[in-house]
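For reference, the chains in residue letters:
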Amino acid sequence: MYREPHLQKKSDECAVIWREWFKEKFENKNEEKAKELRKKWGNCVTEFGEMVSEEVKTNPRYRDSGLR
């Protein structure tokens, strides 16, 4: 769980996409749909990583903690 609601929301969004991908890939065996979802998930986690990076740079909780 993340303290910052916007990070938690994005993390949850990416998790939902991953579960959809897994279902299409391994349960439904729908390679075309799985391929689309994998790309969507990849974009989601890239955006999430950028959000986390920005949070660490700008949020005093992390910026001033000596964690960087």
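Residues numbered from 1 in each chain as written. Predicted model: local features only at pLDDT ≥ 70, side-chain atom pairs only at ≥ 80, totals over all residues. Heavy atoms only, no water.

S.K.: Hey, could you run me through the nonpolar core in this one?
M.R.: Buried together is how nonpolar side chains tend to be arranged in soluble globular proteins. Counting residues in hydrophobic clusters, the biggest one holds five residues: Leu7, Cys14, Ile17, Cys44 and Phe48. Residues within four places of Cys14 in sequence aside, it is in contact with Trp41, Cys44, Val45 and Phe48. (Core = buried A, V, L, I, M, F, W, Y, C linked by side-chain atoms within 4.5 Å. Buried < 20%, exposed > 50% of the residue type's maximum accessible area, 1.4 Å probe, protein only. Contact = heavy atoms within 4.5 Å.)

S.K.: Would you take a moment to explain helix H1 (residues 5-27) for this structure?
M.R.: Along an α-helix, residues three or four positions apart point the same way, because every turn accommodates 3.6 residues. If you check H1, its first and last C-alpha atoms are 32 Å apart, about what 23 residues at 1.5 Å a residue would give, namely 33 Å. Along H1, the residues classified as buried are Leu7, Gln8, Lys10, Cys14, Ile17, Trp21 and Glu24. The inward-facing, buried residues of H1 contact helix H2 (31-58). At the C-terminal side of H1, Lys29 shows a positive phi close to 55 degrees. (Helix = DSSP H or I, 4+ residues; strand = E, 2+ residues; numbered from the N terminus. Expected span 1.5 Å × (residues − 1).)

S.K.: Quick question: what am I supposed to make of the state of the cysteines here?
M.R.: One way to say it: the disulfide is the covalent bond shared by the sulfur atoms of two cysteines. On inspection of all chains with the given rule, the structure shows one disulfide. Covalent S-S linkage joins Cys14 and Cys44, the inter-sulfur distance amounting to 2.0 Å. Linking Cys14 and Cys44, the disulfide has an S-S dihedral of approximately -95 degrees and is accordingly described as left-handed. Of the two residues, Cys14 sits in helix H1 while Cys44 sits in helix H2, which places them 30 residues apart along the sequence. For the pair Cys14 and Cys44, a shared accessibility class is recorded, and that class is buried. (Disulfide = S-S within 2.5 Å.)

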